Amino acid sequence: MARKFFVGGNWKCNGTSEEVKKIVGTLNDGKIESPEAVEVVVSPPFVFLPLVKSVLRPDFHVAAQNCWVKKGGAFTGEVSAEMLVNLGIPWVILGHSERRLLLSESNEFVGDKVAYALSKGLKVIACVGETLEQRESGSTFEVVAAQTKAIAERISDWTNVVLAYEPVWAIGTGKVATPAQAQEVHSELRKWLQINVSVEVAESTRIIYGGSVTGSNCKELAAQPDVDGFLVGGASLKPEFVDIINAATVKASA
């Protein structure tokens, strides 16, 4: 089953109105070599979602960087799934390592968030990944399996889920999992889905890689059979993001 290449750009807590307009302008002018072969989603900070949605090229979509675990109400500072749907935002990133580590979001909390967002019609980029300490102790697969299990236990339909493997030790550090390391974890995640969910879900679910992806390393990573795209951080704010999107041609010509 062919899986459409997926490239997400996580802008994190960056940008002013003028900077955001420049980034969008670069994307709008960018030449996408195989537009039919790639799905592109960019994720600006909440305050810029309406702006980006209004000026971004129509073949690219917009994601929120987070949403609340239930319906809105007395939850100061949070944004609900219903609000995102109301704004016409189709995607949301959930379980990013920065939220897991800095804000202590547990596997179960992330699983609940994914289930609620899906129930309201959002599509979800669900993040899993291990820290350097966990990798060095040999518990990578155990960690990502537990994170994935907490999601799988709460949802029955994976159609609108993209799974993002992001080794925490490779985010914003300049360190990158080697293509072989990325493929190994992606392959194990796919096997886990096959055994614990279904063969169909394992074959159809896109598993993307996040961790210091750049224009110079994206094609080699994209060539791995179980790497279905990228969740890009810092490089998504730069012109090279277009080069990363065009790594989809590696899959298209395979």
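Look above for the structure.
Nothing here was measured: the structure is a model prediction, and the numbers come from that model.

A. Focus on helix α7 (residues 140–152). The terminal C-alpha atoms of α7 lie 18 Å apart, and with 13 residues this matches the ideal 18 Å at 1.5 Å per residue to within 8%. Taken together, the buried positions of α7 are T140, V143, V144, A145, Q147, T148, A150, I151 and A152. Here the buried face of α7 lies against α4 (97–102), α5 (107–119), β5 (123–128), α6 (132–136), β6 (161–165) and α8 (179–196).

B. Representation of the environment of T140. Structurally, the position occupied by T140 is in helix α7. Given the relative accessible area of 7%, T140 is considered buried. Residues T140 and G73, spaced 67 residues apart in sequence, show a C-alpha to C-alpha distance of 37 Å. Apart from residues lying up to four places away in sequence, T140 is in contact with E130, Q134, R135, Y165 and V185.

C. Representation of the pattern of salt bridges in the model. The tally for this structure, following the rule as stated, stands at 14 salt bridges. Of the charged contacts, one joins E188 and K191 as a salt bridge, the two residues approaching to 3.6 Å between their closest N and O atoms. In this pair, E188 and K191 are both assigned in helix α8, three residues apart and thus about one turn of the helix distant. You can call E188 partly exposed: its relative accessible area is 31%.

D. Geometry of the packing of aromatic side chains. In total, this model carries five aromatic pairs according to the counting rule given. Relative to F109, the ring of W68 has its centre 6.2 Å away and its plane inclined at 65°; by these criteria the two rings are edge-to-face. Here W68, found in the loop between β3 (60–64) and α3 (81–86), pairs with F109, found in helix α5; they are 41 residues apart in sequence, far enough to count as distant. Accessibility expressed as a relative area gives 15% for W68, which makes it buried. Ring geometry for Y165 against Y209: centres 6.3 Å apart, planes inclined by 50°, an arrangement best described as tilted. One end of the pair, Y165, is in strand β6; the other, Y209, is in strand β7 (residues 206–209), and 44 residues separate them in sequence. Here the two residues Y165 and Y209 agree in accessibility, since each one is buried. Among the aromatic residues, those joined into a ring-pair cluster are W68, F75 and F109. In this structure, R57 packs its charged tip against the face of F60, placed 4.4 Å from the ring centre.

Basis of the calculations
- Residues numbered from 1 in each chain as written.
- Predicted model: local features only at pLDDT ≥ 70, side-chain atom pairs only at ≥ 80, totals over all residues.
- Heavy atoms only, no water.
- Helix = DSSP H or I, 4+ residues; strand = E, 2+ residues; numbered from the N terminus.
- Expected span 1.5 Å × (residues − 1).
- Buried < 20%, exposed > 50% of the residue type's maximum accessible area, 1.4 Å probe, protein only.
- Contact = heavy atoms within 4.5 Å.
- Salt bridge = Lys/Arg side-chain N within 4 Å of Asp/Glu carboxyl O.
- Phe/Tyr/Trp six-rings, centres within 6.5 Å; stacked < 30°, edge-to-face > 60°.
- Lys NZ or Arg CZ within 6 Å of the ring centre and 35° of its normal.

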